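# Coordinate analysis (summary)
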Amino acid sequence: MNNLSTTVLTCALLGSLIGCSADVSTDYDKQTNYAQFKTYQFAAKPDDDSTSLDAARVENAITRELQTHGLTLSSDKPADVTIRHAIQSQSDYQSSGTSFGFGYGFNNVGIGVSTPTQYREYKYGKLIVEMVANNSKQVVWRSVSQRKLKETMSPDDRENFINEQIGEMFKNYPPQ
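A brief report on the enclosed structure follows. (Residues numbered from 1 in each chain as written. Predicted model: local features only at pLDDT ≥ 70, side-chain atom pairs only at ≥ 80, totals over all residues. Heavy atoms only, no water.)

### So, the pattern of salt bridges
One side chain can pair with another of opposite charge once the charged atoms of both are near each other. What counts here: For salt bridges, the criterion is a side-chain nitrogen of Lys or Arg within 4 Å of an Asp or Glu carboxyl oxygen. Strands are runs of DSSP state E lasting at least 2 residues, helices are runs of H or I lasting at least 4, and numbering of each runs from the N terminus. Buried, partly exposed and exposed residues are distinguished by accessible area as a fraction of the type maximum, computed with a 1.4 Å probe on protein chains only: under 20%, between the cut-offs, and over 50%, respectively.
If you walk through the whole model with that rule in mind, you get 6 salt bridges. For arginine 142, the salt bridge identified is with glutamate 130, shortest N-O distance 2.8 Å. Within this pair, whereas arginine 142 is found in strand 8 (residues 138-145), its partner glutamate 130 is found in strand 7 (residues 118-133), the two being separated by 12 residues in sequence. Glutamate 130 sits in the buried class, given a relative accessible area of 15%.

Here you go:
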């Protein structure tokens, strides 16, 4: 193989690995019998806490997914499991602007100069869903989105994103 075909093959393999990366990361208790769970409820919010637009979207998506798996929302008696969800605020930094540098080296001694790059912080949310068994008060299932819910998304994009991520989270529920 020549260098060009080796480079192309390497890029293709890396691209396929990146494309196959999971959108969600799920952890669960292997000892739990998930068939015992028939009803669910959402974790109580403090009285002075209002439901955000995204929280309502998340609860609608979770309800849709759990109903397809045979669970029903309990309103009058304690449920088998409590569903907790959160959008955890995170931030990253993005560099912008041009950078210019030069250097000179001789005999293992060098000098380098470059112009500073500008950085901008941008915030996003990471979606987390947990299932707590009410009889033991233990988390038995947890899933975290690896994709970013960005502040700049339109309402339709936010709803589609949340529906897609919740669908991925519950894709393999109950765990085998």
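### Here's the deal with helix 3 (residues 155-169)
This is how the line gets drawn: To estimate how far a helix should reach, multiply one less than its number of residues by 1.5 Å.
When the terminal C-alpha atoms of helix 3 are compared, their 21 Å separation across 15 residues agrees well with the 21 Å that a helix rising 1.5 Å per residue should span. When we look at burial in helix 3, the residues that qualify are Arg158, Phe161, Ile162, Gln165, Ile166, Gly167 and Met169.

### Section: the packing of helix 2 (residues 53-68) against helix 3
Counted only if it meets this: Here the axes come from fitting lines to C-alpha atoms, over the contacting stretch only for helices, and the angles between their N-to-C directions go from 0 to 180 degrees. It is the rotation of the near helix from the far one that decides the hand of a crossing: anticlockwise by less than a right angle makes it left-handed, clockwise makes it right-handed. Here, two residues are considered to be in contact whenever any of their heavy atoms come within 4.5 Å of each other. Each residue gets one label: Ala, Val, Leu, Ile, Met, Phe, Trp, Tyr, Cys and Pro are nonpolar, Asp, Glu, Lys and Arg are charged, and the others, such as Gly, are polar.
For the pair helix 2 and helix 3, interaxial distance at closest approach is 9 Å and the crossing angle is 35°. Regarding helix 2 and helix 3, the two cross each other, and that crossing is right-handed. Contacts between helix 2 and helix 3 involve Asp54, Arg57, Val58, Ala61, Ile62, Arg64 and Glu65 from the first element and Pro155, Arg158, Glu159, Ile162, Asn163, Ile166 and Gly167 from the second. Residues that form the contact of helix 2 with helix 3 fall into these classes: 6 nonpolar, 2 polar and 6 charged.

### Quick look at unusual backbone geometry
The omega torsion across tyrosine 173 and proline 174 is -5°, close enough to zero to call that bond cis. By secondary structure assignment, the location of proline 174 is in the segment after helix 3. At lysine 137, a residue that is not glycine, the phi angle is positive and equals roughly 60°. Among the secondary structure elements, lysine 137 is positioned in the loop between strand 7 and strand 8.

### Examining the side chain of threonine 39
We count it as follows: Pairs of N or O atoms within 3.5 Å make up the polar contacts considered here, provided that, within protein, one atom can donate a hydrogen while the other can accept it, and that residues adjacent in sequence are counted only when both atoms are side-chain atoms.
When you line up the elements, threonine 39 lands in strand 2 (residues 39-42). A distance of 3.0 Å separates a polar atom in the side chain of threonine 39 from the backbone nitrogen of aspartate 80.

### Let's talk about the environment of glutamate 159
In this fold, glutamate 159 is placed in helix 3. Since its relative accessible area comes to 40%, glutamate 159 is described here as partly exposed. Between the C-alpha atom of glutamate 159 and that of asparagine 60, which follows or precedes it by 99 residues, the distance is 10.0 Å.

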